[in-house]
Amino acid sequence: MAVPATIVDAHHHVWDLSVRDQEWITGEEFAPLRRTFTLADLEPEARAAGVRATVLVQTVAVAEETPELLALAHGSDLVAGVVGWTDLTAPDVAGALAALRALPGGDRLTGIRHQVQGERDPRWLLRPDVLRGLAAVADARLAYDLIVRPHQLPAARAAAELVPGLTFVLDHAGKPPVAEGVLTPWADDLRALAALPHTVCKLSGLVTEADPRRWRDQDLRPYTDVLLDAFGPDRLMFGSDWPVCRLAASYPQVLRTASTLTADLSEDERDAVFAGTATRVYRLG
């Protein structure tokens, strides 16, 4: 089935290893990612796929990265939004966000993210200082991207309940155990999160949660069906997760698979998944 005419890629990365190491790229399985990936690498693939706008997402908890990403967005007619990083536990999160917005490209700051998946405390999101930081993100009218593993979904839901004015965007569907073919307890915890109206989810990252060498569309379908039922198309957005997706699939393959898995939706519903939800949630110009 053909992909929609208008596509927003709501999740991709870039990094330059000559500027900063990406400490998470370790081990043989990640070896293909241990190189520099730039917007110049992405643009031909994205434009060939019909993507009209993207959201560039942070990769490391380093203050210097977000200004760099904003500068890239400032010089690009493809990157419409940036999900950056700031220390949510700092005493003046509001001031840090205002400073980011004053930078070149600051008008494209659309959200904040922290690698919660790497925190040892499964209830890290519920720390008082983190909740104070999340409230500041809400006051700044930015979204908050959740990068969590399945066991952290209950804390994510609890945090969302405590900060009802903030839109929480679940990255990569909470990283379900696709390779194991297991749905529970992930599906139950995801539905509990989705029951909150100010939560949104990305249809992204599933190919790398599957067996990277043997996955098929049908391996992903049970998980996509849960996402569509729990969030609905108006709260679901497509993301390529490039270049991480390259561990399991090319850019065209990821887009084709997302299109196949949403083929039963109406035209308006598919438009929401592939462009409308991201445009609304991230306030993309």
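Residues numbered from 1 in each chain as written. Predicted model: local features only at pLDDT ≥ 70, side-chain atom pairs only at ≥ 80, totals over all residues. Heavy atoms only, no water.

1. Topic: the pattern of salt bridges
- One pass over the full model with this rule turns up 14 salt bridges.
- The closest approach of N and O atoms between Glu-68 and Arg-20, which form a salt bridge, is 2.9 Å. With Glu-68 in helix α2 (residues 65-74) and Arg-20 in the loop between β1 (7-12) and α1 (39-48), the pair connects residues that are 48 residues apart, well separated along the chain.
- The exposure class of Arg-20 is buried, given its relative accessible area of 17%.
- Across the pair Asp-211 and Arg-214 runs a salt bridge, and its minimum N-O distance is 3.5 Å. (Salt bridge = Lys/Arg side-chain N within 4 Å of Asp/Glu carboxyl O. Helix = DSSP H or I, 4+ residues; strand = E, 2+ residues; numbered from the N terminus. Buried < 20%, exposed > 50% of the residue type's maximum accessible area, 1.4 Å probe, protein only.)

2. Focus: the packing of aromatic side chains
- Counted according to the given criterion, the structure contains seven aromatic pairs.
- Summarising the aromatic geometry, the rings of Trp-15 and Phe-37 are spaced 5.5 Å apart at their centres and angled 80 degrees between planes, so their arrangement reads as edge-to-face. Of this pair, Trp-15 sits in the loop between β1 and α1 while Phe-37 is found in the loop between β1 and α1, placing the two residues 22 residues apart along the sequence. Of the two residues, Trp-15 and Phe-37, neither departs from the other in class, the shared state being buried.
- Ring centres of Trp-186 and Tyr-223 lie 5.5 Å apart, and the angle between their planes is 55 degrees; this geometry places the pair in the tilted category. On the criterion of sequence distance, the pair formed by Trp-186 in helix α6 (residues 186-194) and Tyr-223 in helix α8 (residues 217-231) is long-range, its members being 37 residues apart. (Phe/Tyr/Trp six-rings, centres within 6.5 Å; stacked < 30°, edge-to-face > 60°.)

3. Describing the pairing of β1
- Buried residues dominate β1, accounting for six of its six residues.
- Where β1 and strand β2 (residues 51-57) come together, four bridges link them in parallel fashion. Opposite Val-8, over in β2, you have Ala-53 as the bridge partner.
- On the question of chirality, the crossover connecting β1 to the parallel β2 by way of α1 is right-handed. (Pairing = 2+ DSSP bridges. Right-handed = clockwise from strand over helix to strand, strands pointing away.)

4. Here we look at helix α4 (residues 128-139)
- With twelve residues, α4 extends 17 Å from end C-alpha to end C-alpha; this agrees with the ideal 16 Å at 1.5 Å per step.
- Every buried residue of α4 is listed here: Asp-129, Val-130, Leu-131, Gly-133, Leu-134, Ala-136, Val-137 and Ala-138.
- Contacts from the buried residues of α4 go to α3 (93-101), β4 (109-114), β5 (143-146), α5 (153-162) and β6 (168-170).
- Looking one or two places after α4, you find Arg-141, whose phi comes out positive at around 60 degrees. (Expected span 1.5 Å × (residues − 1). Contact = heavy atoms within 4.5 Å.)

5. With respect to the side chain of Thr-262
- Mapped onto the fold, Thr-262 is located in the loop between α9 (251-261) and α10 (267-281).
- Assessed through its relative accessible area of 1%, Thr-262 is described here as buried.
- Here Ser-259 takes part through its backbone oxygen, which lies 3.3 Å from a polar atom of the side chain of Thr-262.
- The residues contacting Thr-262, other than those within four sequence positions of it, are Leu-203, Arg-270 and Phe-274. (Polar contact = N/O pair within 3.5 Å; in protein donor to acceptor, adjacent residues only side chain to side chain.)

6. Quick look at the packing of α3 against α4
- At a minimum axis distance of 9 Å, the contact between α3 and α4 shows a crossing angle of 40 degrees. Our classification of the angle between α3 and α4 gives oblique. In terms of crossing hand, the pair formed by α3 and α4 is right-handed. Of α4, the residues touching α3 (which contributes Val-93, Ala-94 and Leu-97) are Gly-133, Ala-136 and Val-137.
- Split by residue class, the contact of α3 with α4 holds five nonpolar, one polar and no charged. (Axes fitted to C-alpha atoms, helices over the stretch in contact; angles between N-to-C directions. Parallel < 35°, antiparallel > 145°, perpendicular 65-115°, else oblique. Left-handed = near helix turned anticlockwise from the far one by under 90°. Nonpolar A, V, L, I, M, F, W, Y, C, P; charged D, E, K, R; others polar.)

7. Remarks on the nonpolar core
- Core analysis: the largest hydrophobic core is formed by 85 residues, its most contacted members being Leu-125, Leu-134, Tyr-144, Trp-186 and Leu-190.
- With seven residues, the top contributor of residues to this core is α8.
- Apart from the residues within four sequence positions on either side, Tyr-144 is in contact with Leu-88, Ile-112, Arg-113, His-114, Val-116, Trp-124, Leu-125, Leu-134, Leu-166, Thr-167, Phe-168 and Val-169. (Core = buried A, V, L, I, M, F, W, Y, C linked by side-chain atoms within 4.5 Å.)

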